[in-house]
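What follows is each chain in one-letter form.
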Amino acid sequence: MAKAEGTSNRFLENYRGAYMPPTQFPEVEFDADKCSHCKRCVDTCPTQGLHWDEEKKIPYMTGYRGLETACIGCNNCEAVCKSGCIRVKGEYRVLFGRYKTPEDKLGDMIPPCPFGDRDLNRDFKEIEKDLTETESVILKRRSIRLFQDKPVPKELIHRIIEAARFAPTAGNCQPFKLIVVTDKKMIEEVDKQCIKITNPLQRLFNGKSLWRRMVVSLLSYIMVNGMDQRPIPAVEKMNQIETLTFGAPVVIHVLKDKRGISNPDLDVGIASQNLVIAAHSLGLGTCYIGFEAPIRFLPSLKKKLGIIHPYEWVTTICVGYPKGEIDHPVARGRIPVDWIEG
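Here we summarise the structure given alongside this text. (Residues numbered from 1 in each chain as written. Predicted model: local features only at pLDDT ≥ 70, side-chain atom pairs only at ≥ 80, totals over all residues. Heavy atoms only, no water.)

1. A word on the packing of aromatic side chains
Turning to step 1, where the next piece is worked out: Under the defined criterion, the tally for this structure stands at 1 aromatic pair.
Turning to step 2, where the next piece is worked out: Arranged with centres 5.8 Å apart and planes meeting at 70 degrees, the rings of Phe25 and Tyr92 form a pair that is edge-to-face. On the criterion of sequence distance, the pair formed by Phe25 in the loop between β1 (23-24) and β2 (27-30) and Tyr92 in the loop between β5 (86-89) and β6 (93-94) is long-range, its members being 67 residues apart.
Turning to step 3, where the next piece is worked out: Given a relative accessible area of 13%, Phe25 falls into the buried group.
Turning to step 4, where the next piece is worked out: Lying across the ring of Tyr321, Lys150 places its NZ or CZ 4.2 Å from the centre. (Phe/Tyr/Trp six-rings, centres within 6.5 Å; stacked < 30°, edge-to-face > 60°. Helix = DSSP H or I, 4+ residues; strand = E, 2+ residues; numbered from the N terminus. Buried < 20%, exposed > 50% of the residue type's maximum accessible area, 1.4 Å probe, protein only. Lys NZ or Arg CZ within 6 Å of the ring centre and 35° of its normal.)

2. Re the pairing of strand β8 (residues 250-257)
Turning to step 1, where the next piece is worked out: Here β8 lies mainly inside the structure; 8 of its 8 residues are buried.
Turning to step 2, where the next piece is worked out: Neither face of β8 is open: one carries Val250, Ile252, Val254 and Lys256, the other Val251, His253, Leu255 and Asp257, and all of them are buried.
Turning to step 3, where the next piece is worked out: Taken together, the 6 bridges between strand β7 (residues 176-181) and β8 define a ladder with antiparallel strand orientation. Each residue of the ladder has a partner; that of Val180, found in β8, is Ile252. (Pairing = 2+ DSSP bridges.)

3. Here we look at the environment of Phe176
Turning to step 1, where the next piece is worked out: Within the fold, Phe176 resides in strand β7.
Turning to step 2, where the next piece is worked out: As for Phe176 and Ala248, which are separated by 72 residues in sequence, their C-alpha atoms are 22 Å apart.
Turning to step 3, where the next piece is worked out: Those residues within four positions of Phe176 in sequence are excluded, and the remaining contacts are Ala164, Thr169, Leu255, Lys256, Asp257, Asp267, Val268, Ala271 and Tyr311. (Contact = heavy atoms within 4.5 Å.)

4. Details of the pattern of salt bridges
Turning to step 1, where the next piece is worked out: Tallied over the entire structure, the rule returns 16 salt bridges.
Turning to step 2, where the next piece is worked out: The shortest N-O distance in the salt bridge between Arg165 and Glu162 comes to 2.5 Å. With Arg165 and Glu162 both in helix α6 (residues 154-165), this residue pair falls 3 residues apart, about one helical turn.
Turning to step 3, where the next piece is worked out: Since its relative accessible area comes to 41%, Arg165 is described here as partly exposed.
Turning to step 4, where the next piece is worked out: The network of salt bridges with common partners includes Asp119, Arg122, Glu126 and Asp130. (Salt bridge = Lys/Arg side-chain N within 4 Å of Asp/Glu carboxyl O.)

5. Here's the deal with the sheet that holds β7
Turning to step 1, where the next piece is worked out: With respect to topology, 4 strands assemble into an open sheet ordered β7-β8-β10-β9, the strand pairing being antiparallel. Every other strand in the sheet has two partners, leaving β7 and β9 (285-289) as the edge strands with one partner each. Averaged over all neighbouring strand pairs, the angle between strand axes comes to 25 degrees, with direction disregarded.
Turning to step 2, where the next piece is worked out: Here 5 bridges tie β9 to strand β10 (residues 311-320), and the two strands are oriented antiparallel to one another. (Axes fitted to C-alpha atoms, helices over the stretch in contact; angles between N-to-C directions.)

6. Here we look at unusual backbone geometry
Excluding glycine, residues mostly have negative phi values, and the peptide bonds linking residues are mostly trans.
Turning to step 1, where the next piece is worked out: Following His309, the chain continues to Pro310 via a peptide bond in cis, the omega torsion being 10 degrees.
Turning to step 2, where the next piece is worked out: Among the secondary structure elements, Pro310 is positioned in the loop between α12 (299-305) and β10.
Turning to step 3, where the next piece is worked out: Phi at Gln174 is positive, roughly 45 degrees, even though this residue is not glycine.
Turning to step 4, where the next piece is worked out: Its place among the elements puts Gln174 in the loop between α6 and β7.
Turning to step 5, where the next piece is worked out: For Gln174, a relative accessible area of 35% corresponds to the partly exposed category.

7. Focus: the nonpolar core
Turning to step 1, where the next piece is worked out: Judged by nonpolar contacts, the single largest core of 27 residues is most densely connected at Leu244, Ile289, Phe291, Ile295, Leu301, Leu305 and Ile307.
Turning to step 2, where the next piece is worked out: Looking at this core, the elements with two or more residues in it are β7, α7 (184-204), β8, β9, α12 and β10.
Turning to step 3, where the next piece is worked out: Ranked by the residues each element gives to this core, the list is headed by α7, at 4 residues.
Turning to step 4, where the next piece is worked out: Excluding its chain neighbours within four sequence positions, the residues that come into contact with Phe291 are Val190, Asp191, Cys194, Leu244, Thr245, His253, Trp313 and Thr316.
Turning to step 5, where the next piece is worked out: Among the nonpolar cores identified, the runner-up in size contains 20 residues, and Ile160, Ala271, Val276 and Ile317 belong to it. (Core = buried A, V, L, I, M, F, W, Y, C linked by side-chain atoms within 4.5 Å.)

8. Some thoughts on a nonpolar patch on the surface
Turning to step 1, where the next piece is worked out: On the surface, Tyr15, Leu218, Tyr221, Ile222 and Met223 cluster together into a nonpolar patch covering about 520 Å² of accessible area.
Turning to step 2, where the next piece is worked out: Per-element tally for the nonpolar patch: the top contributor is helix α8 (residues 210-222), with 3 residues.
Turning to step 3, where the next piece is worked out: Tracing the chain through its elements places Tyr15 in helix α1 (residues 2-15).
Turning to step 4, where the next piece is worked out: You can call Tyr15 partly exposed: its relative accessible area is 38%. (Patch = residues over 30% accessible without salt bridge, like charges linked within 9 Å, V, L, I, M, F, W, Y side chains within 5 Å. Areas by Shrake-Rupley, 256 points an atom, 1.4 Å probe, with all protein chains shown as cover.)

9. Side note on the pairing of β10
Turning to step 1, where the next piece is worked out: By the criterion of burial, β10 is predominantly enclosed, with 7 of the 10 residues buried.
Turning to step 2, where the next piece is worked out: The sheet contact formed by β8 and β10 spans 8 bridges and is antiparallel. Residue pairing for β10: Val250 is matched across the bridge by Val319.

10. Some points on the environment of Gly333
Turning to step 1, where the next piece is worked out: Mapped onto the fold, Gly333 is located in the segment after β10.
Turning to step 2, where the next piece is worked out: Along the backbone, Gly333 and Thr315 are 18 residues apart, and their C-alpha atoms lie at a distance of 24 Å.
Turning to step 3, where the next piece is worked out: Those residues in contact with Gly333 that lie beyond four places of it in its chain are Asp108 and Met109.

These values are about where atoms sit, not about what they do.
In structure tokens form, the structure reads like this:
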């Protein structure tokens, strides 16, 4: 009987609760005495979770249409704060349902510990002295959503593309292509078209009706990676600021050759990260952007960007000079690691 109940519970967790599942959210601590009122924390929040109280001159956390708190624990607000007045405590954790956080991923958010847990109480500046330059860039890199209105020299774009070109690929087939857009009007036009197609997804999560729960649950079978609740507030923010690419002067669309050997998506991912790390090492900032729904459902957009067989869109990367120093180390959740040692 107990075994049957356990099987039933697992079934329910695997196939129910896709729509706004019960969730534990991080908490944001704020020291008003330190605040410089720059509002960078609010401007950089990817989910519109942070808002600014003009009367009290402080940021405050809010929810969003069924979400208790629109915070995914990315710690970007903490990274961009010049005054050190914000701290994100706790982790984002789904408690039940299709998107339940795996048990082996539970635990406190911890700062970079490249030399093991002995680093937990060490300041990163002290740790950084013993790191290679590459390690330092990787551990400090942040997604940038605050860009200067300043063009990126073509020479630097060539350098980060070259870093992508030298990424390892299956069979050395390099199954990818880059579309580099620096035309501001083209970037804005593509953004507007993409925002229009993402609106229906946002409206789907607007409300708690039975039909919405059923539709989201059904879609989670078909596109499990697209029905997570976390991107929904981000879509709303993009609608309000009317941009997907945050005013970045360079937008790079990364395509795969779908005939590529083995797993071309993996090859594209490796190449893209090479590009991103190289960009940050050169003083640039980057942010990955998801254009999947617009690219899939707007053939005219594919035509405009010149995406034709055998290429398919995989990801988009914004590139530009960040407003101020944004790359900083922050706490992240542990990842499960199983050791099989001899």
